Amino acid sequence: MKFDKYLPTLQLRDYIKYYAISENDLAGEYKIFPSSGLVIGFQYSGKLATISNNTEKKLSSAGITGVSDSYKIFKNSNHIGTVLVFFTEIGFTHFASHPAHELFNLSISLEDIFDKNQVKSVEERLLSATTDANRIKTVESFLLSQLKQISTDELVTAAVKMIYESSGAIRIKELNQKLCISQSPFEKRFRKVVGTSAKKFASIVRFNAVLAQLNQSKSLAEICYENNFFDQAHFTKDFKQFTGDTPENFKRLL
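These lines cover the structure that appears in this document, whether it is placed above or below. None of the values given here were measured: they were computed from a predicted structure.

Each value, and the rule that gives it
- Residues numbered from 1 in each chain as written.
- Predicted model: local features only at pLDDT ≥ 70, side-chain atom pairs only at ≥ 80, totals over all residues.
- Heavy atoms only, no water.
- Salt bridge = Lys/Arg side-chain N within 4 Å of Asp/Glu carboxyl O.
- Helix = DSSP H or I, 4+ residues; strand = E, 2+ residues; numbered from the N terminus.
- Buried < 20%, exposed > 50% of the residue type's maximum accessible area, 1.4 Å probe, protein only.
- Pairing = 2+ DSSP bridges.
- Phe/Tyr/Trp six-rings, centres within 6.5 Å; stacked < 30°, edge-to-face > 60°.
- Polar contact = N/O pair within 3.5 Å; in protein donor to acceptor, adjacent residues only side chain to side chain.
- Contact = heavy atoms within 4.5 Å.
- Core = buried A, V, L, I, M, F, W, Y, C linked by side-chain atoms within 4.5 Å.

**Considering the pattern of salt bridges**
One pass over the full model with this rule turns up 12 salt bridges. We note a salt bridge from Lys200 to Asp69, for which the minimum N-O separation is 3.8 Å. In this pair, Lys200 sits in helix 6 (residues 198–214) while Asp69 sits in the loop between strand 7 (62–65) and strand 8 (72–76), placing the two residues 131 residues apart along the sequence. Taking the relative accessible area as the measure of exposure, Lys200 reaches 35% and is therefore partly exposed. Residues Glu174 and Lys178 are paired through a salt bridge, measuring 3.2 Å at the closest nitrogen-oxygen approach. Of this pair, Glu174 and Lys178 both sit in helix 4 (residues 172–179), separated by four residues, roughly a single helical turn. Residues joined in a network through salt bridges with shared partners are Lys2, Glu23, Asp132 and Arg135.

Structure (structure tokens):
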């Protein structure tokens, strides 16, 4: 299995965290846990599907997955190869006019977002590419052609920063007070740019903070307390929603 990361060109670093070349010779199923940004995938070999309620749904070879508040199960074919684009929290809005929140919990074809002919052109060039460098260059050229000259929403950017600084524990009311904006217009702007509500986004940030701590020698009680969960039951409920497993079982498998 291969998962190699590449940094974007300087012009795109405010909008894209990194690219990745992911390859696997063996077919299989795997879970993807909630993350804080949207992801684009271009399969240059093999096929990918999602599994929900024991139902398999084949995905387009070029697709996009929105922010999610629960885990997803994917199934890949033999010899799959994918170029992945991991957006920053505010990145997607700089490439498409499609509101990010309309992709919440969805995995859809990239042709639903961008021009069909341009997407097909990228797919064709990826099929003929022979190196990872060429694959990254192909996808980056496409993204540069889609980059919009719009201003970054500084209020949403500030909100994202505050949520990270609190490891997702900040209350939304406190966030509104610090930003001097009422809840309704703030939520509308945040959802459009980030892809989900500030409250759900904060819970995703907190979940990922918990994941990072599970590899440490801390007890689950310490992790629960340090991440400001109301009690152990609340901690277990939230963790199970994000992973499909209890924190006890998850930590045991690490």
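**Digging into the pairing of strand 9 (residues 80–87)**
Burial of strand 9 is extensive: eight of the eight residues sit out of reach of the surface. Of the two faces of strand 9, the one carrying Ile80, Thr82, Leu84 and Phe86 and the one carrying Gly81, Val83, Val85 and Phe87 are both buried. Alignment of strand 2 (residues 16–24) against strand 9, held across eight bridges, turns out to be antiparallel. Directly across from Ser22, in strand 9, lies its bridge partner Thr82. The pairing of strand 4 (residues 39–45) with strand 9 spans six bridges and is antiparallel. The partner of Ser45 across the bridge, within strand 9, is Gly81.

**Section: the packing of aromatic side chains**
One pass over the full model with this rule turns up 18 aromatic pairs. Ring centres of Phe33 and Phe207 lie 6.2 Å apart, and the angle between their planes is 80°; on these two criteria the pair is classed as edge-to-face. Linking Phe33 in the loop between strand 3 (28–32) and strand 4 with Phe207 in helix 6, this pair joins segments that are 174 residues apart in sequence. The buried category is assigned to Phe207, whose relative accessible area is 3%. By the ring-pair criterion, three or more aromatic residues cluster together here, those being Phe33, Phe207, Phe229, Phe235, Phe239, Phe242 and Phe250.

**Observations regarding the side chain of Ser109**
Within the fold, Ser109 resides in strand 10 (residues 107–109). A distance of 3.1 Å separates a polar side-chain atom of Ser109 from the backbone nitrogen of Glu111. Excluding anything up to four places from it in sequence, Ser109 contacts Ser60, Ala62 and Gly63.

**Focus: the nonpolar core**
One finds Phe42, Leu143 and Phe190 to be the most contacted residues of the largest nonpolar core, which totals 63 residues. Residue contributions to this core peak at nine residues, all from helix 6. Every residue in contact with Phe190, bar those within four places of it in the chain, is listed here: Val156, Ala159, Val160, Ile163, Gly195, Thr196, Ser197, Ala198 and Phe201.

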